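Chain by chain, the residues:
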Amino acid sequence: MTVNLALLDTTFDQCIKCTVCTTYCPVAEVQPDYPGPKQSGPDGERLRMKGTAFYDESLKYCTNCKRCEVACPSGVEIGSIIQKAKARSGQHKPKLRDYILSHTDFMGAVATPVAPIVNAVTKVKPVRRIMAKVLDIDERPVMPEYTRKTFRQWYASECPDQTTYDRQVSYFHGCYVNSNDTSVGRDLVKVLNAMAIGVRLLQKEKCCGVPLIANGFLDKAQSHARLNTEQFANALNDTSECVISTSSSCAMTIRDEYHSLLGVDNRNLSDRIFLFNTFLVKEFEKGNMPELKPVNIKIAYHSPCHLVRVGGVVLTVEILRRIPGVELHMLDRRCCGMAGTYGFKKENYETSQAIAAPLFDEIRSIDPDFVVTDCESCKMQVESATEYSVMHPLSVLARALV
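The structure presented is a predicted model; accordingly, all values stated were derived computationally and were not measured. (Residues numbered from 1 in each chain as written. Predicted model: local features only at pLDDT ≥ 70, side-chain atom pairs only at ≥ 80, totals over all residues. Heavy atoms only, no water.)

Quick notes on the overall build of the chain
The secondary structure content of the chain amounts to 21 helices and eight strands. Here the C-alpha radius of gyration of the chain, 21 Å, is about what a compact globule of 402 residues would show, namely 21 Å. Summarising the internal contacts of the chain: among those between residues at least 6 apart in sequence, 76% fall at separations of at least 24. (Helix = DSSP H or I, 4+ residues; strand = E, 2+ residues; numbered from the N terminus. Rg over C-alpha atoms; globule rule 2.2 N^0.38 Å. Contact = heavy atoms within 4.5 Å.)

Examining the packing of helix H19 (residues 349–366) against helix H20 (residues 376–385)
Two elements in contact, H19 and H20, have axes separated by 11 Å at closest approach and are oriented at 75°. Judged by the inter-axis angle, H19 sits roughly perpendicular to H20. Contacts between H19 and H20 involve Ser352, Gln353, Ala356, Leu359, Phe360, Ile363 and Arg364 from the former and Gln381, Val382 and Ala385 from the latter. Residue classes in the contact of H19 with H20 are distributed as six nonpolar, three polar and one charged. (Axes fitted to C-alpha atoms, helices over the stretch in contact; angles between N-to-C directions. Parallel < 35°, antiparallel > 145°, perpendicular 65-115°, else oblique. Nonpolar A, V, L, I, M, F, W, Y, C, P; charged D, E, K, R; others polar.)

Looking at the nonpolar core
Among the nonpolar cores identified, the biggest contains 48 residues, and Leu192, Phe279, Leu280 and Ile323 are the most heavily contacted of them. Look past the residues within four positions of Leu280 in its chain and what remains in contact with it is Val191, Leu192, Met195, Ile319, Leu394 and Leu397. (Core = buried A, V, L, I, M, F, W, Y, C linked by side-chain atoms within 4.5 Å. Buried < 20%, exposed > 50% of the residue type's maximum accessible area, 1.4 Å probe, protein only.)

Side note on the sheet that holds strand S5 (residues 297–301)
Strand order across the open sheet formed by four strands is S6-S5-S7-S8, with parallel pairing between neighbours. The strands lining the two open edges of the sheet, one partner per strand, are strand S6 (326–330) and strand S8 (390–391). Looking at chain direction, strand S7 (residues 370–372) and S8 are connected through two bridges and run parallel. Counterpart to Val372 in the pairing with S8 is Met391. (Pairing = 2+ DSSP bridges.)

Observations concerning a nonpolar patch on the surface
Among the surface-exposed residues, Leu96, Tyr99, Phe106 and Val110 lie close enough to one another that they form a single nonpolar patch of about 390 Å² accessible area. Secondary-structure elements contributing two or more residues to the nonpolar patch are helix H6 (96–102) and helix H7 (104–111). Its place among the elements puts Phe106 in helix H7. (Patch = residues over 30% accessible without salt bridge, like charges linked within 9 Å, V, L, I, M, F, W, Y side chains within 5 Å. Areas by Shrake-Rupley, 256 points an atom, 1.4 Å probe, with all protein chains shown as cover. Salt bridge = Lys/Arg side-chain N within 4 Å of Asp/Glu carboxyl O.)

Quick word on the pattern of salt bridges
What the rule picks out here adds up to 29 salt bridges. Measuring nitrogen to oxygen at the nearest pair gives 3.3 Å for the salt bridge that ties Lys95 to Asp136. Of this pair, Lys95 sits in the loop between helix H5 (78–88) and H6 while Asp136 sits in the loop between helix H9 (125–135) and helix H10 (151–158), placing them 41 residues apart in sequence. The partly exposed category is assigned to Lys95, whose relative accessible area is 40%. A single salt-bridge network, built from bridges that share partners, covers Lys17, Lys38, Asp43 and Arg46.

Examining H5
In terms of burial, H5 is a largely internal element, 10 of the 11 residues being buried. For H5, every residue scored as buried is listed here: Ile78, Gly79, Ser80, Ile81, Ile82, Gln83, Lys84, Ala85, Lys86 and Ala87. In the core, the buried residues of H5 are packed alongside helix H1 (20–24), helix H3 (37–48), helix H4 (67–71), helix H13 (210–214), helix H14 (218–237) and helix H15 (248–260).

Details of the pairing of strand S2 (residues 197–201)
Every regular strand shows the same layout, with side chains that alternate between the two sheet faces. In terms of residue burial, S2 counts as a mostly covered element, since four of its five residues are buried. Inspection of the sheet shows strand S1 (residues 167–172) paired to S2 by five bridges, in the parallel sense. Note that in S2 the partner of Arg167 across the bridge is Ile197.

In structure tokens form, the structure reads like this:
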């Protein structure tokens, strides 16, 4: 393996063996074969230092949801320890299936020109059965659809001139907004323009890297991190006040994990990289809030694991709370079980659904008009397994613009 990283994370020495991480682990709760993050993380790392014979199959069960890191009283980066151990272990070499699921920007570039055909074919049951048999991609979850016109193409042809605004920010749109659901990006432009702020795109951007990390492509994730960090620096040295992401997983990765997990030093930029909610609430508190009308909808808000990890749930709730007419119901802070690409894999599907079952039951008990979440992966899981549509918080806010 040629991973040029400091892959041995010695923060495990801070573990006090309290096992609270295992108590909070959604996989350990439903998958009896997984011993939990304490054993796979800090405990396992002490053994793995002695040799490759101590690598075990339990590493594959970790979803990298980071709930163990939120729970840990000693600040041990348990999820990162496990991801690095997977990368060092020859037992966890990525397969073709993992390449297809994790190289989201490449797959988007290939699929969007022929999106209607790809979308139709991936719904055909015999095709799904073949995918399950050949690639081990489970045939039950609904595959994300591709858009024929990418967000960058929409921005180039239909977005009003953003240079006319005195204030401007740069938008890291991510793969899902660019290739699957452009509505969140378009709503970000609407909202910020209503606040007299222009939105610029980075000259180039690659996948944030979170699916690559989860599937063992750390070299590729590190390469993407270098390119994206260079683009962030260029934008922030120009006219942009900051870089904004609309995805909680992308924001956590480009701000925190580029340095802590991938070894790409972005510390001089990280305090100017925000999830949309941080930027909006700061603006609202300064009095820069768009004029809103009542929307009169009942929503159930699901907080994504990675947003819980960075501590931003209260900010999204504050945005939703300020929208007139919204009847807001908070769902319990449970993992949805999809974890990016985890729930699409044949060997993980049942575990993914077992993790999500209490969340689905709670949504049905509330019976909202919409489920709302900041994460595209959670959206895919809820829409695939329930009868409810899922909106991004920005789309609720955009709907309320006068």
